[in-house]
Amino acid sequence: MSERDEFDMLRSRPAPKPRNDARKEALAAALRSYDEKFSPTAQGTAGEVRLTDRARKLWRGLMNRKLVATPAVAGLLVLPLAGYAAWQFMDEDMFGLRTETQVQGEPVRPSEAAEEQEAGRGVVLNSEPALPQAPADQLRETARPAPAAPTGMAAPRLQRGPLGAESKMVAPSLAPAPSMDMALPRTESRDRFATFDTNPVRAALEDPVSTFSIDVDTASYAFARRSLKEGFLPQADTVRVEEFINYFPYDWQGPASADEPFKANVTVMPSPWNTGTKLLHIGIKGYDVPATTRPAANLVFLIDTSGSMNAPDKLPLLKSAFRMLVNGMAGSDTISIVTYAGSAGTVLEPTKASDKQKIFDALDRLEAGGSTAGAAGIEEAYRLAEKSFVAGGVNRVMLATDGDFNVGQTSDDALERMVEEKRGKGVFLSVFGFGRGNYNDRMMQVLAQNGNGTAAYIDTLAEAEKTLVQEATATLFPIAKDVKIQVEFNPQRIAEYRLIGYETRALNREDFNNDRVDAGEIGSGHTVTAIYEITPKGSPAQQIDDLRYGNAQVNNPDGIAGADEYAFVKIRYKQPDADTSKLITTPVTAANEIGAFDDASNDVRFSVAVAGFGQKLRKTDQLAGFGYDRIMEIATAARDADPYGYRAEFLSLVRLASALDGGR
Amino acid sequence: MTAMAAEIDRQDAQADDGELAARAAAGDRAAFAALVERHYDFIYHVAWRVLGRRADAEDLAQDVCVRLGRAIAGYRGGAAFTTWLYALVLNAGRDALRRNARGDRNVSAFAAHAQLMSEENDDDDPAERMWEAVRTLPDKQREAMTLVYGEGLGHAAVADIMGVTENTVAWHVHEARKRLKALLRPAGDE
C-alpha cells in the first residue's frame, strides 16, 4: 500500500480493543449457532444464554426482513413489483445514501403492512409498492458461502411477529426474472438533472411575445423510457416535454430548396385536454440535404473509458453504436478517437473512414479503467478536430460518456467557455449519454447547447441505431444554426397562451434579434415541433381575469393590419457558416384552423399525444383531468405507418406509466 | 482439561486458518471455537470501523460470530479464510448500517446525540471525523475505504474480498476520496 495523502490520517486511528465480556458472549453465541447448525437437537438450550437485547432485536429485524409480505395488491402492481424486485436483485447498495433524484420511496415495513391487513382496510394502491426487503438479503445469503437453510427464494416464511398476522401474509411470486430489454436498475442514483418550472399561462395582453430557442435534443425521452421500463415513474424534473415531442420523426412538409433551410407548418385546433382552449401547433421541417451534396465530415470521437463505463449498457453499447456510425460514413470522411480515463490519450489519429478496419480495431481495443479526466480529453479532441479541419465541412467532436468531467482543474464554466470558443472556430460538439446512476444530464445539456450540438441519451442498441444511423444526417449535417422562434400573439383574438415545453430554452424578447445570442441548430431533415395551448378571447377557459384598465396597455391597438390574425410566427436562423441571421415569418390566421381535433393529421395528433404524455409526467396542472387512457386513444388512432416501431413503443410506455401512476 | 484436550488446543493454535476452517466445516467444534477465538479481535476491529461505536460494534461482532457458526459449513476453502471472513463481516456491517438507516429515525437521532455526548467519541480528532464521513459513503466506497485505509490492505486483496477487479477497487477509492473531499470541505468554501 503506497497511497500517501490527506486521507492517511484514516490509518492513524486504531480501533479500540474489544471488551472481554463482549468477546466471551460473542464466542458463546458463535458456538450456539454452530451447534444449531451441526446438531439441531441442541436448539432446546438456545434460550438459556441470552443474547443482549439489542442483538436479539437486530436479529429479529433481520428475520422479519426475510419475510416477504405484501397486502393483497391488484395486478396493477405487478410491473412496479417486477422492477422493484429486479432492482433489489441487482444492487446491494439498497439503503445507501438517498439523493434527491432517487425515485423509490421507503417501503412499507412488514408490521405496517400487517396492521393494514388487520384493519381490513384492503388494498393500498400507490406508486410505492408495499414490499419488505427480502430478496436482496436472501440472494446475498444464498450467493455467499451460504449460512442457514437453503430455503427456496419464493418459499413463504411465517412471521414470528407480535401481531399474529402471519397467516394473512403472502409471499408474492418473486421477481418475474428481469427480461432482456428491461434495463437493470441501480439504487443509489446520482443522476443529476437541472430543475425547472413548467411554463406558466401568460396573458397575451401583458406579455404578447413568446421567444425560445429551438431544441432537437431527445435525451429526456430516452431517459424517461428507461425509468419506466425499470418500473418507476420518471421524476418530473427529468421530463422535458419538447424533447419528448421531438423524439419522434414527423412528416411535416419541408422546403423545396436549400435556399430556404426550413419551413414552418402551422395548425390551430381545439385542445383535446381542455374545452375552450386551442392548440397552436408549429411543425418545422429542415431541408433534407441529398446524400450526394453532403459536405465532408471530420469527426472526433471523445470516449469516456473511465472505470464506471465498465457496464454492458455503457462501453460495449458505445462501441457498437460508433461502429454503426462509421459504417454509414463516406470514405473520404475523417475519424479520430480520443479517450479519457486517468489521462487523456489519442487512440486513433485522424483516419479516413474508408479505412474501416483500422477504426474498428481501435474501437475494439478500448477498455474501461481509471478515473475520468474529461477536461484533458476534450482539449485533445479539439486539437485533433482542428488538425484535420475541413473548411466548409462538418467538424464535430462526439462525446460519449456516462458521467461528468471530474478530474482536472477545469470548472464547469471554463469548460463551457472552451466549448463556446471552439464553436466560434467551427468545431461543434454533440453529446451522447450512456448508462445511469451517475448521469450528469445538466452538464450534457450545457455542453451540447453551447457546442451547437445535440444531446442524446443512448440506452439500447435500437436507440443508437436511431440516433447514429437513421438520423445520422440530421445529427451530423447542420443546415441552420442559432434558430430562434418568436411568436407574437394578437390580444384581440387570444386571451392567454402557454408554451408546452422549451422551459430550458426560453430566450428574452430582445434576444431574438440579437445575433450574438446563441440558440439551437437544425440538422438536415430534422423536424422540430412546438405547441402552444391558447385560450381565445372570451373563452370560458380563460384563467387570468381581464384587466379593468386593460385597454390602456394594448400595444397592438385596434385597426392595425392583421387584426384578425391569431398570432405571428417569426423564425430567425443563420446558415451554418454565417454570422448574420435571416428571418422567416408566417402569420397564423383562420386559414390555419381546423374545426375538430380529430380532423388534424395523424402526425399532428400523435405529437399532441406525446405532448400530453410529457406534461402528464410533469404533473402539469392543465392536464389534471386528462387521463392516460385518452392519450392512448389519440396515439393509437394516430399511429400511422410507424416503420421503426417508435410509436408502438410510445404506446407501451403510456401503458406502463398509467399502471405506475395508479391508472390516472 | 485433560492433557489430551490441552494438546488439541495447542495444535489448534498452530494450525492455519484454512485447516481449522476445513475441520470446523466438517463438524469439528473445537476447531471452530479456536477459529472464532483467533479472529474475534479482527471481526470486532472491522465492525468498529464500520459502525464507530463500541456498543454497536460489539453487537455486530456477535452477529458475525453467529453467522459464522451457521456459515462455516459452507466454507469450501476456495478463498483464503480471512478473505472469506472479510466478506462476511462486510455483509453483516452493510446490513447493520441498513437497519440503522431504515430504523426509527428518532432512535438514530438520539443515538447521534448520545454519541456526541459520550466521552468515548473523540470529537476533536480529525481522523475520527473523517471516519464518520467514511461511514456515510455508499456501501462499496465505504467498504473499499475501510479495507484500504482501515485494514491497510492492498487493492488486490480488497478486490478479492469485494469480488470485483482491482480497477473497480481503485475507482471506488477514487470516488470515495472525491466525495470525502466534498464532504469535509468547510461549509461555504465552494
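Every value quoted in this text rests on a predicted model; they were computed, and no experiment measured them.

Trainee: Account for the overall build of chain A, naming residues and giving values.
Mentor: Secondary structure assignment for chain A yields 18 helices and 16 strands. Put simply, chain A has 664 residues, and 49% of those count as buried. If you take every contact in chain A between residues at least 6 apart in sequence, the share linking residues at least 24 apart comes to 81%.

Trainee: Can you explain the overall build of chain B? Please cite residues and give values.
Mentor: A count of helical and extended segments in chain B gives ten helices and zero strands. Along chain B, from the amino end to the carboxyl end, the secondary structure elements read α-α-α-α-α-α-α-α-α-α. A buried classification covers 46% of the 190 residues belonging to chain B.

Trainee: Talk me through the packing of helix H17 (residues 628–637) of chain A against helix H18 (residues 646–660) of chain A; I want residue IDs and the actual numbers.
Mentor: Residues and elements named next belong to chain A. Put simply, H17 and H18 touch, their axes get as near as 10 Å, and they point 170° apart. Classified by the angle between their axes, H17 and H18 sit roughly antiparallel to one another. Within the contact between the two elements, H17 uses Tyr628, Ile631, Met632, Ala635 and Thr636 and H18 uses Arg647, Phe650, Leu651, Val654, Ala657 and Ser658. Within the contact of H17 with H18, the residues separate by chemical class into eight nonpolar, two polar and one charged.

Trainee: Give a detailed account of the environment of Val431 of chain A, specifying residues and quantitative values.
Mentor: Residues and elements named next belong to chain A. Position of Val431 among the secondary structure elements: in strand E9 (residues 428–434). Separated by 15 residues in the primary sequence, Val431 and Val446 have C-alpha atoms spaced 9.9 Å apart. Ignoring any residue separated from it by four or fewer positions in sequence, one finds Val431 in contact with Leu399, Met444, Leu447, Ala448, Gly453 and Ala455.

Trainee: Describe the nonpolar core, naming the residues involved and giving the relevant values.
Mentor: In this structure, Val300, Phe301, Leu302 and Val397 of chain A are the most contacted members of the largest nonpolar core, which totals 136 residues. When residues of this core are assigned to their parent elements, the largest contribution, eight residues, is made by helix H16 (residues 602–617) of chain A. Taken together, domain 3 (202–289 + 479–544 + 562–660) and domain 4 (291–476) of chain A each give at least three residues to this core, which thus spans both. Ignoring anything within four residues of it in the chain, the contact list for Val300 of chain A reads Ser336, Val338, Ala381, Leu384, Ala385, Val397 and Met398 of chain A. Within the second largest apolar cluster, 64 residues are counted, among which are Ile43, Phe81, Met145 and Tyr149 of chain B.

Trainee: Let's hear about the sheet that holds strand E12 (residues 494–500) of chain A: which residues, and what values?
Mentor: Residue and element names in this part refer to chain A. Strand order across the open sheet formed by five strands is E1-E12-E14-E4-E3, with antiparallel pairing between neighbours. On the outer flanks of this sheet lie strand E1 (202–203) and strand E3 (262–270), each paired with one strand and no other. Relative to E12, E1 is paired through two bridges, and the arrangement is antiparallel. Each residue of the ladder has a partner; that of Arg202, found in E12, is Tyr497.

Trainee: Describe unusual backbone geometry, and please don't skip the residues or the numbers.
Mentor: A positive phi angle is found at Asp482 of chain A, which is not glycine, with a value near 50°. With 24 C-beta atoms packed within 10 Å, Asp482 of chain A lands in the buried category.

Trainee: A description of the confidence of the model for chain A should follow, citing residues and the corresponding values.
Mentor: Low-pLDDT stretches of the model should not have their predicted coordinates read in fine detail. Residues and elements named next belong to chain A. Per-chain confidence: chain A averages 72 in pLDDT, with 68% of residues scoring 70 or above. Looking across chain A, the model is least confident in helix H6 (residues 134–143), with a mean pLDDT of 40, and most confident in H16, with 93. Residue range residues 41–188 is modelled with pLDDT below 50. Its contacts to residues more than four positions away, or to other chains, number 218 contacts.

Trainee: Describe the packing of helix H7 (residues 126–135) of chain B against helix H10 (residues 166–184) of chain B, naming the residues involved and giving the relevant values.
Mentor: Residues and elements named next belong to chain B. H10 packs onto H7 with a crossing angle of 120° between their chain directions and a minimal axis gap of 10 Å. Taken together, the axes of H7 and H10 are oblique relative to one another. In the crossing of H7 with H10, the sense of the turn from one axis to the other is right-handed. Packed against H7, whose contacting residues are Met130, Ala133 and Val134, the element H10 presents Leu180, Leu183 and Leu184 at the interface. Tallied by class, the residues present in the contact of H7 with H10 amount to six nonpolar, no polar and no charged.

About the criteria used
Residues numbered from 1 in each chain as written. Chains lettered and ligands numbered in written order. Predicted model: local features only at pLDDT ≥ 70, side-chain atom pairs only at ≥ 80, totals over all residues. Helix = DSSP H or I, 4+ residues; strand = E, 2+ residues; numbered from the N terminus. Buried ≥ 20, exposed ≤ 12 C-beta atoms within 10 Å, placed from the backbone. Contact = placed C-beta atoms within 7 Å. Axes fitted to C-alpha atoms, helices over the stretch in contact; angles between N-to-C directions. Parallel < 35°, antiparallel > 145°, perpendicular 65-115°, else oblique. Nonpolar A, V, L, I, M, F, W, Y, C, P; charged D, E, K, R; others polar. Core = buried A, V, L, I, M, F, W, Y, C linked by C-beta atoms within 7 Å. Domains from an automatic or database assignment. Pairing = 2+ DSSP bridges. pLDDT = per-residue confidence, 0-100. Left-handed = near helix turned anticlockwise from the far one by under 90°.

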